[in-house]
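What follows is each chain in one-letter form.
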Amino acid sequence: MKITEEMLNARDKNGNPVNFVFCSKCVKFYVLDSHKRGDDFYCQTCGTGKYLIG
């Protein structure tokens, strides 16, 4: 999954940052704080970006 600017700057309705992705296969959340726009991101457990929701 490619990290986009929208993913890094996303906010919920209360203005809180929601800069994370979720792996639906492993049921884990990953925070994107250390990643930059355009980076490839993969789940650290299953090793794929196929099940990431962000």
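See the structure shown above.
Because the structure is a prediction, the values reported are computed rather than measured.

Right, let's talk about a nonpolar patch on the surface for a bit. On the surface, Phe20, Phe29 and Val31 cluster together to form a nonpolar patch covering roughly 300 Å² of accessible area. You can see phenylalanine 29 is positioned in strand β2 (residues 28-31). Judged by relative accessible area, phenylalanine 29 falls into the exposed class, the value being 54%.

Here we take up the pairing of strand β1 (residues 20-23). Covered by surrounding structure in β1 are Val21 and Cys23 only, the residues Phe20 and Phe22 on the alternate face being uncovered. Of the pairings in the sheet, the one linking β1 to β2 comprises 4 bridges and is antiparallel in character. Bridging from a neighbouring strand, phenylalanine 22 pairs with phenylalanine 29 of β2. Linking two consecutive strands that pair antiparallel, namely β1 and β2, is a turn of 4 residues; a positive phi of about 55° is found at valine 27 within it. Sheet analysis places β1 next to strand β3 (residues 52-53), joined by 2 bridges and oriented antiparallel.

Here is what the cut-offs are and how they apply
Residues numbered from 1 in each chain as written. Predicted model: local features only at pLDDT ≥ 70, side-chain atom pairs only at ≥ 80, totals over all residues. Heavy atoms only, no water. Patch = residues over 30% accessible without salt bridge, like charges linked within 9 Å, V, L, I, M, F, W, Y side chains within 5 Å. Areas by Shrake-Rupley, 256 points an atom, 1.4 Å probe, with all protein chains shown as cover. Salt bridge = Lys/Arg side-chain N within 4 Å of Asp/Glu carboxyl O. Helix = DSSP H or I, 4+ residues; strand = E, 2+ residues; numbered from the N terminus. Buried < 20%, exposed > 50% of the residue type's maximum accessible area, 1.4 Å probe, protein only. Pairing = 2+ DSSP bridges.

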